[in-house]
Amino acid sequence: MRILWVMNKQLDTASDRAYISILTKHLEAFDINTTVVARFKKDRPEYGGNIIYLSTLSLRFLKVISYMIQVAFGIPRLLQKSQADVIVVDRPWMVFSFMPYILLRKLKLTRTSKIVLDVRSLPNNTSRGIVGKMNNALFLFGIKLAGRYFDGCMSITKPMAEYLTSNSKFEIQNMGFWSSAFDATIFQPETTDIAQGLEESPLITFIYHGAIVENRLLLEVVSAFAKIPQNSRLVLLGDGKLLPKLKQLAKDSNLEERLIFIDPVKYNEVPPYLKLADIGIVPIANNLWFNVSMPIKLLEYMAMGLPIIAPLTPPVQDVTSNSDCDISVFKHATDFETQVTNIEKALNLAVSNFGKGYFSEKNREIVLKRYTWSNQAKNISDYLSSLAN
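None of these values were measured; they are calculated from a predicted model.

**Q** With reference to specific residues and values, describe the overall build of the protein.
**A** Check the secondary structure of the protein and you find 14 helices and 13 strands. Its C-alpha radius of gyration of 22 Å places the protein within 12% of the 21 Å reference for a compact globule of 389 residues. Going through the 389 residues of the protein one by one, you find that 52% of them count as buried. Summarising the internal contacts of the protein: among those between residues at least 6 apart in sequence, 74% fall at separations of at least 24. Accessible surface computed for the protein: about 18200 Å², of which carbon and sulfur atoms make up 51%. Averaging the locations of the 44 positively and 36 negatively charged side chains of the protein gives two centres separated by 10 Å.

Dropping the structure here:
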């Protein structure tokens, strides 16, 4: 099978290139040849597979519109070049680019390929005002169009699928599912690589890695951490707009000795830091965005054998509830102080239940069975094959 995967990405970050490279590599194991379509600004970065780059204008708003126009007019040529059996579209607002092709296909004036929408997340939950409203409107309208004219839809989670079916003509029994995944070749507990800037410690080590921004409960986590016994430390690996506030909070709470800030590192350099940790924290908020999305850091912590602290959002519950998982759960709250208290209880419970040097074979086994890239490539292959037949 040949796929034309149309992505609204520039591939200007190593993580994006790694994500696409890993995905297409594992799809090859199921005899799926993937051609990626992506945009570029100045450079055309190599990612190790078949790729067609379309240039865009440099202005933020116009670059997406110019890309969508190029896709709309270029689909016949792209199909001819890739000989694709299936087109996968990775953003609901990209659906508009395919309406001319839908018409040409109906008139039998172009190559007939199946079209599938792939939805990994909702619009950015930090966008507010008119931009946020416009993003949501385009997202919902794109879903409605795809539900009427596309041949299928893939979703990251069942809660996301339920959201999509409630806003379109897609039916959940006719949808495909492929989740977030971790790279089993990188997240290996036996890694001997060095964690630059972090030393081993007799203290119990909590860790969070990722974006340090307002829509994570990091202020609450640090406030809760200040209240637990001093036989522990907290490592925050990442960067973001919330960082200055957290550093000031650490100073005000006399946590400067126990709260360690590490600058972002490359994706393949994360595991050594997790190896020096004892418990992973997944501080996601209670909102629609997180309630339908799969937090990849949850899988990465579990892959490294870490017990986890997390709320039971529907996707987290899907990972942990069907097995005997090592998890300390905190409840979401509507006010800051109650949320801090709930997280404090979870931190103390994790220290009591797991402690220093605890390795969770159960957690690693759970994600190895269901959440590797090979698992997800098989899910994609099975679904697309069912549409092609």
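**Q** How would you explain unusual backbone geometry if you had to name every residue and give the values?
**A** Despite not being glycine, K108 shows a phi value in the positive range, around 60 degrees. Tracing the backbone through its elements, the reader meets K108 in the loop between α3 (99-106) and β5 (114-119). Take K108: its relative accessible area is 73%, and that puts it in the exposed class. Even without a glycine there, the phi angle at N254 is positive, about 55 degrees. Take N254: it is sitting in the loop between α7 (243-252) and β10 (259-262). In this structure N254 comes out as exposed when scored by relative accessible area, which is 68%.

**Q** Can you lay out the nonpolar core for me, pointing to particular residues and giving the numbers?
**A** One finds V6, F150, F206, L234, L236, I309 and L347 to be the most contacted residues of the largest nonpolar core, which totals 100 residues. Here this core gets 6 residues from one element, more than from any other, and that element is helix α2 (residues 60-82). Apart from the residues lying within four places of it in its own chain, the contact partners of V6 are V37, Y67, V71, I87, V88, V89, D90, M94 and F98.

**Q** Explain the sheet that holds strand β8 (residues 204-209) residue by residue, including any values.
**A** Across the sheet, 6 strands lie side by side as β10-β9-β8-β11-β12-β13; this open sheet has parallel pairing. Both edges of this open sheet fall to β10 and β13 (327-329), since each of them pairs with a single strand only. Strand after strand, the sheet turns through a mean of 25 degrees between neighbouring axes, direction not considered. Sheet topology places β8 next to strand β9 (residues 232-237); 6 bridges connect them, and they run parallel. When the sheet's bridge partners are listed, T205 is paired in β9 with R233. Against the sheet, helix α6 (residues 218-225) makes contact with β8, β9, β10 and β11 (279-281), and its axis sits at roughly 160 degrees relative to β9, the strand it touches most. In the packing of helix α10 (residues 296-303) onto the sheet, the strands contacted are β8, β11 and β12 (308-310), and the crossing angle to β8 comes to about 145 degrees.

**Q** If you had to explain the pairing of β8 to someone new, which residues and values would you point to?
**A** Burial within β8 is extensive, with 6 of its 6 residues counted as buried. Of the two faces of β8, the one holding I204, F206 and Y208 and the one holding T205, I207 and H209 are both buried throughout. A crossover links β8 with its parallel partner β9, the connecting element being α6, and its sense is right-handed. In this sheet, β11 lies alongside β8 in parallel orientation, the contact comprising 2 bridges. In the strand pairing of β11, F206 is matched with I279.

**Q** With reference to specific residues and values, describe the sheet that holds strand β7 (residues 176-177).
**A** As summarised here, the arrangement of the 7 strands in space is β3-β2-β1-β4-β5-β6-β7, forming an open sheet in which the pairing is parallel. The sheet is open, and its two edges are formed by β3 (50-55) and β7, each paired on a single side. Alignment of strand β1 (residues 2-6) against strand β4 (residues 86-89), held across 4 bridges, turns out to be parallel. Residue I3 lies in a different strand from β4, and its bridge partner there is V86. Where helix α5 (residues 158-166) meets the sheet, it contacts β5, β6 (152-155) and β7, and its direction lies at approximately 140 degrees from that of β6.

**Q** Could you give me a rundown of the pattern of salt bridges, with the residues and numbers involved?
**A** One pass over the structure, following the stated rule, counts 12 salt bridges. Close ionic contact of D151 with R105 constitutes a salt bridge, the shortest N to O distance being 2.8 Å. Of this pair, D151 sits in the loop between α4 (129-149) and β6 while R105 sits in helix α3, placing them 46 residues apart in sequence. On the basis of relative accessibility, which here comes to 30%, the residue D151 falls in the partly exposed class.

**Q** Which residues make up the packing of α6 against α7, and what values do they have?
**A** It is at 10 Å that the axes of α6 and α7 come closest, and there the two elements cross at 15 degrees. Judged by the inter-axis angle, α6 sits roughly parallel to α7. When you trace α6 past α7, the crossing you get is right-handed. Within the contact between the two elements, α6 uses L218, L219, V222 and S223 and α7 uses K245, L246 and L249. Taken together, the residues of the contact of α6 with α7 sort by class into 5 nonpolar, 1 polar and 1 charged.

**Q** Tell me about the packing of aromatic side chains, residues and numbers included.
**A** According to the stated counting rule, one finds 9 aromatic pairs in the structure shown. Measuring from centroid to centroid gives 6.3 Å for F98 and F150, while their planes differ by 85 degrees, and the two rings are edge-to-face. Placement of the pair is F98 in the loop between β4 and α3 and F150 in the loop between α4 and β6, with a sequence separation of 52 residues. Taken individually, F98 and F150 each receive the classification buried, so the pair is uniform in this respect. Aromatic pair F187 and Y267: ring centres 5.5 Å apart, planes at 65 degrees, arrangement edge-to-face.

The rules we used
- Residue indices begin from 1 for each chain and proceed along its sequence in written order.
- In keeping with the model being predicted, local features are shown solely for residues with a pLDDT of at least 70 and side-chain atom pairs are shown and tallied solely at 80 or more, while totals for entire chains, interfaces and linings include all residues.
- Only hydrogens and water are set aside; all other atoms, that is, all heavy atoms of the structure, feed into the side-chain values.
- Where helices and strands are cited, they refer to DSSP runs of H or I of at least four residues and of E of at least two residues respectively, numbered from the N terminus.
- Taken over C-alpha atoms, the radius of gyration is set against a globule rule of 2.2 Å times the number of residues to the power 0.38.
- Classification of residues uses two cut-offs on accessible area relative to the type maximum, computed with a 1.4 Å probe and protein chains only: under 20% is buried, over 50% is exposed, and between them is partly exposed.
- Residues are treated as being in contact if the distance between any of their heavy atoms lies within 4.5 Å.
- Per-residue and other accessible areas follow the Shrake-Rupley method at a 1.4 Å probe size, with only the shown protein chains counted as cover for residues.
- We count Lys and Arg on the positive side and Asp and Glu on the negative side, and we leave His and both chain ends out.
- To locate a charge, the coordinates of NZ of Lys, CZ of Arg, CG of Asp or CD of Glu are taken.
- In this description, a nonpolar core means a group of buried Ala, Val, Leu, Ile, Met, Phe, Trp, Tyr and Cys residues linked to one another through side-chain atoms lying within 4.5 Å.
- Strands were regarded as paired on the criterion that DSSP finds at least two bridges between them.
- Interaxial angles span 0 to 180 degrees and are taken between N-to-C directions of axes, which are lines fitted to C-alpha atoms, for helices over the stretch in contact.
- Assignment of crossover handedness uses the view with strands pointing away from the viewer, where a clockwise path from the first strand over the helix to the second indicates a right-handed crossover.
- One side-chain nitrogen of Lys or Arg within 4 Å of one carboxyl oxygen of Asp or Glu is enough to make a salt bridge.
- Put simply, angles under 35 degrees are roughly parallel, angles over 145 are roughly antiparallel, angles from 65 to 115 are roughly perpendicular, and the rest are oblique.
- Two helices cross in a left-handed way if the nearer one is turned anticlockwise from the farther one by less than a right angle. They cross in a right-handed way if the turn is clockwise.
- Classes in brief: Ala, Val, Leu, Ile, Met, Phe, Trp, Tyr, Cys and Pro nonpolar; Asp, Glu, Lys and Arg charged; the others, Gly included, polar.
- Two rings belonging to Phe, Tyr or Trp (six-membered ring only in the last case) form a pair when the distance between their centres is within 6.5 Å. Interplanar angles under 30 degrees mark stacking, angles over 60 mark edge-to-face geometry, and anything in between is tilted.

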